[in-house]
Amino acid sequence: MQQNREMSKGASSPVIGLTGGIGSGKSTVSAKLAKLGACVIDSDEVAREVVQPGTKGLQSLVDRFGTQVLSGDGSLDRAKLARSVFSDSEARSDLNAILHPLIEREIIRQVLACSTIGTLPIVVVIPLLVETNAAERYGFAKVVVVDLPEELAVARVVASRDMTEGDVRERVAAQASREERLAKADYVIDNSADSADLDEQVTALWEELKALS
Ligand code: ATP
């Protein structure tokens, strides 16, 4: 698959998309890959960066939704923003039209910055990779899916986060199915066993990704 034209012009390293459902282990796997030497870009982090105080992103949100989406210290109040767009499809589409290009541009900028510091694989973590057609939009060289049975993902999230089983199942239902995700995978990490097993798989994956360089 061809990489995004802008990325392929500048990036000398393979750019890999990594995804998985809620609680699948994306953060755990990407932290292991980072330890092995991957340059990791987390799209959730980028989404927060582009609306930090002083950014064009935050200003655009205030221009569209008003200062009521700000908290006392001038930062974005995500709960208030969510309330402003809840049950208003036009507002939601405006929100996406503001944020998505900023996030995409910043991811591309970070990919190019990573590629200036070496030629090792670059890993972009995108939870909604399948839902947003990100593999095609970015033209990732390969897609990695972290997979496990839904029951286990739900149990791990409930055990480690302040979320009820109902909350997690609602999120699962709103995301792509396991099958839809697996259909996009070039590599599958099976995270249904323990951390040692995961380590072994991630190390083997890293060797394969490095061979793409
Ligand atoms: P989210 O979609 O919510 O961002 P995620 O896909 O990034 O989640 P992690 O946060 O990496 O998933 O993992 C979810 C939980 O499962 C964490 O508490 C993590 O420590 C735990 N976990 C991950 N892998 C394993 C494993 N192999 N064995 C036991 N627990 C694990």
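Data block above holds the structure.
Owing to the predicted nature of the structure, the values given are computational and were not obtained by experimental measurement. (Residues numbered from 1 in each chain as written. Predicted model: local features only at pLDDT ≥ 70, side-chain atom pairs only at ≥ 80, totals over all residues. Heavy atoms only, no water.)

(A) View of the sheet that holds strand S5 (residues 187-190). Judged by pairing direction, the sheet is parallel, and its five strands sit side by side in the order S2-S3-S1-S4-S5 without closing on themselves. Edge positions in the sheet fall to strand S2 (39-42) and S5, since each has one partner strand and no second. For this sheet the average axis-to-axis angle between neighbouring strands, irrespective of direction, equals 25°. Of the strands in this sheet, strand S1 (15-20), S2, strand S3 (122-125), strand S4 (142-147) and S5 touch helix H2 (residues 26-36), which is tilted by about 150° from S1. On the sheet, helix H11 (residues 195-210) packs against S1, S4 and S5 and is oriented at approximately 165° with respect to S5. (Pairing = 2+ DSSP bridges. Helix = DSSP H or I, 4+ residues; strand = E, 2+ residues; numbered from the N terminus. Axes fitted to C-alpha atoms, helices over the stretch in contact; angles between N-to-C directions. Contact = heavy atoms within 4.5 Å.)

(B) Structural view of the site of the ligand. The local shell around the ligand holds 15 residues, among which Lys26, Ser27, Thr28, Arg161 and Asn191 are the closest. Between Ser160 and the ligand, the recorded distance is 3.1 Å, taken from a side-chain N or O atom to an oxygen atom. Taken by itself the ligand offers 640 Å² of open surface, and the protein chains cover 73% of this. Listing elements by their share of the shell around the ligand, those giving two or more residues are H2 and helix H8 (150-160). Here the residues of the shell around the ligand are counted per class, giving two nonpolar, nine polar and four charged. (Near = heavy atom within 4 Å. Polar contact = N/O pair within 3.5 Å; in protein donor to acceptor, adjacent residues only side chain to side chain. Areas by Shrake-Rupley, 256 points an atom, 1.4 Å probe, with all protein chains shown as cover. Nonpolar A, V, L, I, M, F, W, Y, C, P; charged D, E, K, R; others polar.)

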